Amino acid sequence: MMPLNRRQLLAGTAMAAATPLASPAQSTGAPKNIIIASANGLECCAKAMQMVKAGRDTLDAVVAGVNIVELDPKDNSVGYGGLPNEEGVVELDASVMHGPTRRAGSVAAIRGIKTPSNIAKLVMEQTDHVMLVGEGATRFAKAMGYKEEDLLTEESRLAWLVWKRMLKNPSGHSNWSDGLDAPPAKPGAKPSAALQRLFPNASADTLAWAEWMALHPTTGTINCLALNSKGEMSGCTTTSGLAWKIPGRVGDSPVIGAGLYVDQEVGGAGSTGRGEENIRVAGAHSIVELMRAGRSPQEAVMEVMKRIARNYDNDLARLAKFDINFYALRKDGVFAGGSLWSGTQRRDGSFTSQQFAVNDGGASRLENCVHLYERK
Ligand code: ASP
């Protein structure tokens, strides 16, 4: 191909600027104030809605919302009290995207900072970078005036100790195996029960919880997406990631395009659940692009879910080993939550259905996700 001269280049640039990126999403109505979040985000949605109604920026609103969950020691999947890595150290991932300015920021494997979403926002606002990781991210947070703190609670420390013991159990979870995406492994034996003797000061309930967590490393996270009546959108995803992970493991939450993506000309999307699966399908970006091509939020979410199932050749036995959810909010306020499975197993053996939080101006409520498979 002949190289272009300067004039042709300039003409090309002007043409590119005038050409719309793609056909518009098939949205119908005018934008309205809507906040959606993962199921742990009822309070988060209420806070974000209150701020959006007061005319605050959509990103300030979602970050203030997720801060509630990050600072909650009882939520073991996000921020302070999140379950730690293999070495007992809490490492957090977070990302933000600001629709009006089309900017993004993220931090990964950051230690010692309770609210990583604030640091992701600072990366976006105060640096020329998009992503900071590990020690650099912590140092940046400290330079910005954040205090480095121990993020372990007594409960999360106990759960980590129990997990370490459970490594001896053949059905215990180990990071040092072929991985879920490898060909199927043999099913293991039943876990042992009695830990009270070893941890006499822990309550039976805490120990039962810790044992469950050791064998079923938690996936949690909060994703929150906001739209205001001016059509401005922002999103945030924040997590302590997969419990007992190898230090330095980064999930999907801080990966722009996987755990979060916002293009307010179309909509936004986010995810919770096993990040490894999401990264392989660039979930949030794929959902936004499918909406841009005219799919509804629900169709877009389920299309990407089917790609995840396809990555396992629709092998239900292996797919049953994880959960993953997507959330999508279109620029006209139409939204959807979708999950791989209809529900997830509780410690007592019962199932709880997969849901997500919504606030459209009144009280926050939970709605059921559409799902790909029925968990029996
Ligand atoms: N997506 C998060 C991660 O893989 C975990 C989760 O949502 O539970 O790090």
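Coordinates for the structure precede this section.
Starting from 1, residues in each chain are numbered consecutively following that chain's sequence as written. This being a predicted model, a pLDDT of at least 70 is required before a residue's local features are given, and a value of 80 or more before pairs of side-chain atoms are given or counted; all residues contribute to the totals for chains, interfaces and linings. For side-chain calculations, the full set of non-hydrogen atoms in the structure is used, while hydrogens and water are omitted.

A. Representation of the sheet that holds strand 15 (residues 370-373) within the structure. In this description, strands pair whenever DSSP reports at least two bridges between them. Under the DSSP-based scheme used, a helix requires at least four consecutive residues in state H or I and a strand at least two consecutive residues in state E, with every element numbered from the N terminus. The sheet built from five strands is open, its strands ordered 7-8-9-10-15 with mixed pairing. On the outer flanks of this sheet lie strand 7 (260-263) and strand 15, each paired with one strand and no other. Mean inter-strand twist for the sheet, computed between neighbouring axes without regard to direction, equals 15°. One ladder, built from seven bridges, connects strand 8 (residues 267-273) with strand 9 (residues 324-330); its direction is antiparallel. The residue of strand 9 that forms the bridge with G268 is L329. Only the stretch in contact is used when fitting a helix axis, every axis being a line fitted to C-alpha atoms; angles between N-to-C directions are given from 0 to 180 degrees.

B. The arrangement of helix 6 (residues 154-166) in detail. Here the expected span of a helix is defined as 1.5 Å times the quantity of residues minus one. Taking 1.5 Å per residue, 13 residues should reach 18 Å; helix 6 reaches 18 Å between its end C-alpha atoms and fits that length. Within the sequence span of helix 6, burial applies to S156, L158, A159, W160, V162, W163 and M166. The elements touched by buried residues of helix 6 are helix 7 (204-215). With a 1.4 Å probe rolled over the protein chains alone, any residue whose accessible area is under 20% of its type maximum counts as buried; one over 50% counts as exposed, and the rest are partly exposed. Contacts are residue-level and defined by heavy atoms, with any inter-residue pair within 4.5 Å sufficient.

C. Inspection of a nonpolar patch on the surface at higher detail. There is a patch of nonpolar side chains on the surface, built from V130, M131 and V133 and spanning about 240 Å² of accessible area. Within the element layout of this structure, V133 appears in strand 4 (residues 131-133). With a relative accessible area of 48%, V133 lands in the partly exposed category. Residues form patches when they are more than 30% accessible in relative terms and have no salt bridge. Like charges link within 9 Å. Nonpolar side chains (Val, Leu, Ile, Met, Phe, Trp, Tyr) link within 5 Å. A 1.4 Å probe and the Shrake-Rupley method give the accessible areas. Residues count as covered only by the protein chains that appear here. Here, a salt bridge means any Lys or Arg side-chain nitrogen found within 4 Å of an Asp or Glu carboxyl oxygen.

D. Expanded view of the sheet that holds strand 1 (residues 34-38). In space, the eight strands of this open sheet follow the order 4-3-2-6-5-1-13-14, with mixed pairing throughout. Of all strands in the sheet, those with a lone pairing partner are strand 4 and strand 14 (365-368), marking the two edges. Across the sheet, the mean angle from the axis of one strand to that of its neighbour is 15°, orientation sign disregarded. As paired strands, strand 3 (residues 103-111) and strand 4 are joined by three bridges and run parallel to one another. Bridged to A108 within strand 4 is V133. This element, helix 3 (residues 58-70), spans strand 2 (91-98), strand 5 (222-227) and strand 6 (233-239) of the sheet and lies at about 20° to strand 6. Most of the contacts of helix 4 (residues 116-126) go to strand 3, to which it runs at about 135°, and overall it touches strand 2, strand 3, strand 4 and strand 6.

E. Focus on the environment of A120. Checked against the element boundaries, A120 lands in helix 4. Excluding residues that lie within four positions of it along the chain, A120 makes contacts with A94, S95, V96, G105, S106 and V107.

F. The arrangement of the pairing of strand 6 in detail. Within strand 6, seven of the seven residues are buried, which leaves the element mostly enclosed by the surrounding structure. A two-sided burial pattern is seen for strand 6, the buried positions comprising M233, G235, T237 and T239 on one face and S234, C236 and T238 on the other. Bridge count for strand 2 against strand 6 is six bridges, and the pairing is antiparallel. Considered in strand 6, the bridge of V96 is made with C236. Sheet topology places strand 5 next to strand 6; six bridges connect them, and they run antiparallel. The residue bridging I222 from the neighbouring strand is T238, located in strand 6. Connecting strand 5 to the next strand, strand 6, in antiparallel fashion are five residues, including G231 with a positive phi near 90°.

By themselves, these are just geometric observations and shouldn't be taken as functional.
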